Amino acid sequence: MLNEKSVKPASIRKSAADIVLAVIRNHSPTARIDIAKNTGLSPATITSITADLLSKGLISEVAFDQAGGGAKRGRPRVGLKIRGAAHLVVGIKLADKSASVVIVDFDGEQVGQFFIATPSACQAPDAMVEFLTAILDLALEEAGLGRSDISAVGIGISGFVDVEAGIVRWSPSLNMHDVALQAALSGAMGMPIFLDNDTNLAARAEQRFGLGQNVRNFIVVSVEQGVGMGIVIDGKIYRGNRGAGAELGHTKVQLGGALCRCGQRGCLEAYVGDYALLREAGTVIGASQGAGPEQQMELLLQASEAGNKVACSILERAGRMFSMGLANVVNIFAPELIILSGSSMRLLCTQKVIGDTKKMCIQFGASQPDICIHDWGDLMWAMGAAAYAIDGVSEMTLREME
Ligand SMILES: [Zn+2]
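The paragraphs below set out a description of the structure included in this document. (Residues numbered from 1 in each chain as written. Predicted model: local features only at pLDDT ≥ 70, side-chain atom pairs only at ≥ 80, totals over all residues. Heavy atoms only, no water.)

1. Thoughts on the overall build of the protein chain
Here is step 1: Each helix and strand in the protein chain was counted, giving 13 helices and 15 strands.
Here is step 2: The C-alpha atoms of the protein chain give 23 Å as radius of gyration, which agrees with the globular expectation for 402 residues (21 Å, within 12%).
Here is step 3: Projected onto its principal axes, the C-alpha coordinates of the protein chain cover approximately 75 × 55 × 40 Å.
Here is step 4: Taking all 402 residues of the protein chain together, the buried fraction comes to 50%.
Here is step 5: Sequence separation of at least 24 residues holds for 62% of the intrachain contacts in the protein chain that already meet a minimum separation of 6.
Here is step 6: With an accessible surface of roughly 18,200 Å², the protein chain has 52% of that area assigned to carbon and sulfur atoms.
Here is step 7: Side-chain charges of the protein chain comprise 36 positive and 41 negative groups, with the mean position of each set lying 7 Å from the other. (Helix = DSSP H or I, 4+ residues; strand = E, 2+ residues; numbered from the N terminus. Rg over C-alpha atoms; globule rule 2.2 N^0.38 Å. Buried < 20%, exposed > 50% of the residue type's maximum accessible area, 1.4 Å probe, protein only. Contact = heavy atoms within 4.5 Å. Areas by Shrake-Rupley, 256 points an atom, 1.4 Å probe, with all protein chains shown as cover. Lys, Arg positive; Asp, Glu negative; His and termini not counted. Charge placed at Lys NZ, Arg CZ, Asp CG, Glu CD.)

Here it is, written out as structure tokens:
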């Protein structure tokens, strides 16, 4: 509960407006009296803040349904909801093979989507800015919109992203270190840019739209080319210092082990990432060396299902390494829920892997976390990027109310 006496009036107003907007977003439509109960703020404060939010156009009033809303006869109760038309934002997920784009309104309703192949898995910063700007315009054109209709763009990229500084410290998608990508994109697109690590945005997507709704502590683990982790602690994304936390892929599972893309040895990613599996799978997929990584992964899976011993041993070892990595996560964070996502999950994450993980977790009276697989495909990441942009736009608008 917010302590109204211990903080300055302007801070109270901003923090309280933040909380009220979040409650309306999570419990839409909701009555003022229920917001007061939910937040512990006084009815007078709620009335004043919701008047501000209404005047800013961020929320709107709706009459509760007479039958379902519990309205008294002759005087319908009024609920508050997020006003979708307040803003449109764009979310973009950049992957090595493709980019996906969603356009959503302020209430999170999708109004457009767009997919395009990336010209190259690893690009120079200028080329990436040009590419992202071009796909923004293509997606908007297809939706019959222009840049002036959009309030902000959220972008997810793999690698180490210093969110505060807007700098990508390292990414497999960029051929340089320490790229000030946020400022470059903001200049090129002419609007605020919210840039984050892609798995943090997957966690945000789960929190806003998926399995993480109303879960205080959960972790998203993704396996594609690399291994990513998004941590939500007490409802907030945990990034660590320098934006380089949550690098599950680079935790060590073997002393002096396989070579990782980061240049070190024995990282989890060097055993379970797509590139690591394909590196081992040469003889299994030998006849299809010209195929793309996705088809090669499919061949590896098919060979394993057909009983090919090499394919089976590659996937079994990856599964053992993956369950070790997951058990370490559970033993450190003890989350309520672990959500496994990413295109390679169906190869790695069998019930055996989940069972082995639970065996390696510290055994005591408390229940083990739920571990579930949720693969939305690339749209999830883009929706997370859009949710980040919505939060950024909310924050900017509320700051004006101080
Ligand atoms: Zn590594």
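Right, picking up where we left off after that structure.
2. Here's the deal with the coordination of the zinc ion
Ideal values differ by geometry: the angle at a metal is 109.5 degrees with four tetrahedral donors, but 90 or 180 degrees with six octahedral donors.
Here is step 1: Every protein donor of the zinc ion is listed here as His250 (ND1), Cys260 (SG), Cys262 (SG) and Cys267 (SG), and their distances to the metal cover 2.0 to 2.3 Å.
Here is step 2: What the 4 donor atoms of the zinc ion show is an angle range of 104 to 123° at the metal, which sorts the shape as tetrahedral.
Here is step 3: Spacing between the donor residues of the zinc ion along their common chain follows H-x9-C-x1-C-x4-C. Linking His250 in the loop between β13 (236–238) and α7 (269–272) with Cys260 in the loop between β13 and α7, this pair joins segments that are 10 residues apart in sequence. This pair shows no difference in class: His250 is buried, exactly as Cys260 is. (Donors = N, O, S within 2.8 Å, 3.2 Å for Na, K, Ca; no water. Tetrahedral: all angles 85-135°; square planar, octahedral: opposite > 155°, others 65-115°.)

3. A closer look at the layout of surface pockets
Here is step 1: Estimated volume of the largest pocket: approximately 1,600 Å³.
Here is step 2: For the largest pocket, the lining is made up of 35 residues, of which Ala22, Gln207, Gly235, Lys236 and Asp391 are closest to its centre.
Here is step 3: Contributing elements (two or more residues each) for the lining of the largest pocket: α1 (9–26), α2 (32–39), β10 (193–197), α6 (198–209), β13 and α13 (378–400).
Here is step 4: Here the residues of the lining of the largest pocket are counted per class, giving 11 nonpolar, 13 polar and 11 charged. (1 Å grid on protein atoms, 1.4 Å probe; cavity = no way out; pocket = protein on both sides within 12 Å on 5 of 7 lines; lining within 4 Å. Points joined across faces, edges and corners; volume = space filled by probe spheres on them. Nonpolar A, V, L, I, M, F, W, Y, C, P; charged D, E, K, R; others polar.)

4. Let's talk about the pairing of strand β11 (residues 218–223)
Here is step 1: Among the 6 residues of β11, 6 are classified as buried, and the element is accordingly described as predominantly covered.
Here is step 2: Here β11 shows a buried face lined by Phe218, Val220 and Ser222 and a second buried face lined by Ile219, Val221 and Val223.
Here is step 3: Strand direction decides the pairing type here: β11 and strand β12 (residues 227–233), joined by 6 bridges, are antiparallel. Bridge pairing in β12 links Val221 to Met229.
Here is step 4: Taken together, β11 and the strand that follows it, β12, pair antiparallel across an intervening segment of 3 residues. (Pairing = 2+ DSSP bridges.)

5. Quick notes on the side chain of Ser173
Here is step 1: By secondary structure assignment, the location of Ser173 is in the loop between β9 (167–170) and α5 (181–189).
Here is step 2: Judged by relative accessible area, which is 4%, Ser173 ranks as buried.
Here is step 3: Sequence-distant contacts of Ser173, defined by excluding residues within four places in its chain, comprise Leu94, Ala121, Cys122, Gln123, Met128, Ile157 and Ser158.

6. Regarding helix α10 (residues 309–333)
In an α-helix, one turn spans 3.6 residues; hence positions three or four apart end up facing the same way.
Here is step 1: When the terminal C-alpha atoms of α10 are compared, their 36 Å separation across 25 residues agrees well with the 36 Å that a helix rising 1.5 Å per residue should span.
Here is step 2: For α10, the side-chain oxygen to backbone nitrogen distance between the N-cap and Val310 is 3.0 Å, and the N-cap itself is Asn308.
Here is step 3: Ala334 occupies a position one or two residues after α10 and carries a positive phi of about 45°. (Expected span 1.5 Å × (residues − 1). Polar contact = N/O pair within 3.5 Å; in protein donor to acceptor, adjacent residues only side chain to side chain.)

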